[in-house]
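The primary structure of each chain is shown beneath.
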Amino acid sequence: ATPMSIMVATGRGAQAGVLIRDAEALERFAKVDVLVLDKTGTLTEGRPSLTEVIALGDIGEDRVLALAAALERGSEHPLADAILSGAEERDVERLDATDFDAVTGKGVRGTVDGAPVALGNARLMEDMGINVAQVETQIAELQDEGKTAMFLAAEGRLAGIVAVADRIKETTAGAIRDLHGVGLRIVMATGDSQRTADAVARKLGIDEVRAGVSPEDKADLIAELNAEGFSVAMAGDGVNDAPALAAADVGIAMGTGADVAVESAGVTLVKGDLRGIVRARVLAQATMRNIR
Ligand code: ADP
Ligand code: MG
């Protein structure tokens, strides 16, 4: 493409809130086959809120939430914000945790009132040898609604369930339809459970889902697609997705993400609106067509 046509395209993009880093990013984006999308903060608002607190053992709901909040006070995960805000709203007793430990991709652990407590996903419970079969149906129901369900264990026993929901951005469904329309194969990649991810994907018409993946797994997925001969764009937010953004042929950062993510991005969506990807794709292809 001529420098002039690239300038016109990036200028139009910028007006629409899509920052395209350079000519190379524009050219590469015209050739992308597959778009990998993170779920939390990319498809969804990224601000989950507490929806359910279920007591299972001999402690009540308020105690379940208070223990969960005690652990989450040490965490920087978006799930922690949801639980802490929920605990504040319901005005439960404030407890403090010691020996806090964040288990990446699984949850949090600590000691409260001298007893070991843990909050996280099924894998965390498995690691601790805690059986969750008795609540399988309950968990499945929550996950089928697109909610993220977490298990609370206290003193080595299952004590409760805490669930949160993160709203899908208003613009996401339309953007996914249009992205399919401009010829992109779409894959959702998330650290969340398969069932929750499937529920969100179903609502959006996304038919390929990789769930339970770590940030490194996301980068591996891109390498895998590259090895199959596909050119890949990855859209994600936050520090977590930086490895995948860097691994992709075109990294697309949500403008709301951390600077580290934006730095490794060829495209930045200023308002985190996925329709910007459609715009970038159309501009990229039009620019490249003009020079052939
Ligand atoms: P993502 O950021 O893609 O949602 P993560 O890899 O950070 O996924 O976490 C995967 C899963 O591990 C979460 O869906 C949750 O079940 C569990 N988890 C991670 N961090 C926490 C936390 N601070 N509190 C409770 N559960 C957590
Ligand atoms: Mg994440």
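An unreviewed UniProt entry lists the protein under the name Cu+-exporting ATPase, from Rhodovulum iodosum.

Novice: Got a minute to help me understand the overall build of the protein in this structure?
Specialist: Per the secondary structure count, the protein includes 13 helices and 13 strands. Dimensions of the protein, computed from C-alpha atoms along their principal axes, come out at roughly 70 × 30 × 30 Å. Here the protein, with 292 residues, has 47% of them falling under the buried criterion. Sequence-distant contacts in the protein: of pairs separated by 6 or more residues, those separated by 24 or more amount to 61%.

Novice: Could you clarify how one ought to interpret the environment of Ala30 in this entry?
Specialist: Relative to the helices and strands, Ala30 resides in helix 2 (residues 23–30). Since 19 C-beta atoms lie within 10 Å of it, Ala30 is described here as partly exposed. In this structure the C-alpha to C-alpha distance between Ala30 and Ala284, which are 254 residues apart in sequence, comes to 4.9 Å. Contact partners of Ala30, with chain neighbours within four places excluded, come to Ala284, Gln285 and Met288.

Novice: I would appreciate a short explanation of the site of ligand 1 in the present structure.
Specialist: Of all residues adjacent to ligand 1, which total 20 residues, the nearest are His77, Gly105, Gly107, Asn121 and Gly191. Class assignment for the residues of the shell around ligand 1 results in five nonpolar, twelve polar and three charged.

Novice: Looking at this model, I keep getting lost on the sheet that holds strand 4 (residues 97–103). Mind explaining?
Specialist: Sheets are built from strands that pair by backbone hydrogen bonding, the pairs being arranged parallel or antiparallel. The strand order across the open sheet built from six strands is 3-8-7-6-5-4, with neighbouring strands paired in antiparallel fashion. Both outer strands of the open sheet, strand 3 (49–55) and strand 4, are each paired with one neighbouring strand and no more. When strand polarity is set aside, the average angle formed by the axes of neighbouring strands in this sheet is 20°. Sheet topology note: the strand 3/strand 8 (residues 157–165) ladder contains six bridges and is antiparallel. Looking at the pairing, Glu52 lines up with Ala163 of strand 8. With respect to the sheet, helix 5 (residues 78–89) is in contact with strand 3, strand 7 (148–154) and strand 8, its orientation differing from that of strand 3 by roughly 70°.

Novice: Got a minute to help me understand the confidence of the model for the protein in this structure?
Specialist: Predicted confidence across the protein gives a mean pLDDT of 93, with 96% of residues reaching 70 or more. Among the scores for the predicted complex, ipTM is 0.95 and pTM is 0.93.

Novice: Honestly, the nonpolar core in this entry has me stumped. Any pointers?
Specialist: In this structure, Val36, Ile222, Ala233, Met234, Ile252 and Val267 are the most contacted members of the largest nonpolar core, which totals 53 residues. When residues of this core are assigned to their parent elements, the largest contribution, five residues, is made by helix 13 (residues 275–290). With residues near it in sequence (within four places) discarded, Ala233 still touches Phe29, Val32, Leu35, Ala248, Asp249, Val250 and Ile252.

Novice: Hey, could you run me through the environment of Leu19 in this one?
Specialist: Note on placement: Leu19 falls in strand 1 (residues 18–20). Other than its neighbours up to four places away in sequence, Leu19 contacts Gly13, Ala14, Val267, Thr268 and Val270.

Novice: I would appreciate a short explanation of the sheet that holds strand 10 (residues 208–210) in the present structure.
Specialist: Spatially, the seven strands line up as an open sheet ordered 1-13-12-11-2-9-10, and their pairing is mixed. Strands at the two margins of the open sheet, each flanked by one partner only, are strand 1 and strand 10. With direction set aside, neighbouring strand axes in the sheet form an average angle of 20°. Pairing of strand 1 with strand 13 (residues 267–269) involves three bridges; the strand directions are antiparallel.

Cut-offs and rules
Starting afresh in each chain, residues are numbered from 1 along the sequence in its written order. Here chains are named by letter from A upward and ligands by number from 1 upward, in the order in which they appear as written. Under the rules for a predicted model, residues below a pLDDT of 70 receive no local features and side-chain atom pairs below 80 are neither given nor counted, while totals for whole chains, interfaces and linings still include all residues. For helices the rule is a DSSP run of H or I covering at least 4 residues; for strands it is a run of E covering at least 2, with both sets numbered from the N terminus onward. Comment: burial labels come from other C-beta atoms within 10 Å of the residue's own C-beta, placed from the backbone, where a count of 20 or more is buried, 12 or fewer is exposed, and between is partly exposed. Remark: residues whose backbone-derived C-beta atoms lie within 7 Å of one another are considered to be in contact. To decide whether a residue is near a molecule or strand, its C-beta atom is placed from the backbone and checked for lying within 6 Å of it. Gly is placed with the polar residues, together with every amino acid not listed as nonpolar (Ala, Val, Leu, Ile, Met, Phe, Trp, Tyr, Cys and Pro) or charged (Asp, Glu, Lys and Arg). Pairing between two strands requires that DSSP report at least two bridges joining them. Fitted lines through C-alpha atoms serve as axes, helices being fitted only where they are in contact, and the angles separating the N-to-C directions of these axes extend from 0 to 180 degrees. pLDDT gives the predictor's per-residue confidence on a scale running from 0 to 100. Here a nonpolar core is just a set of buried residues of the types Ala, Val, Leu, Ile, Met, Phe, Trp, Tyr and Cys, joined wherever their C-beta atoms sit within 7 Å.

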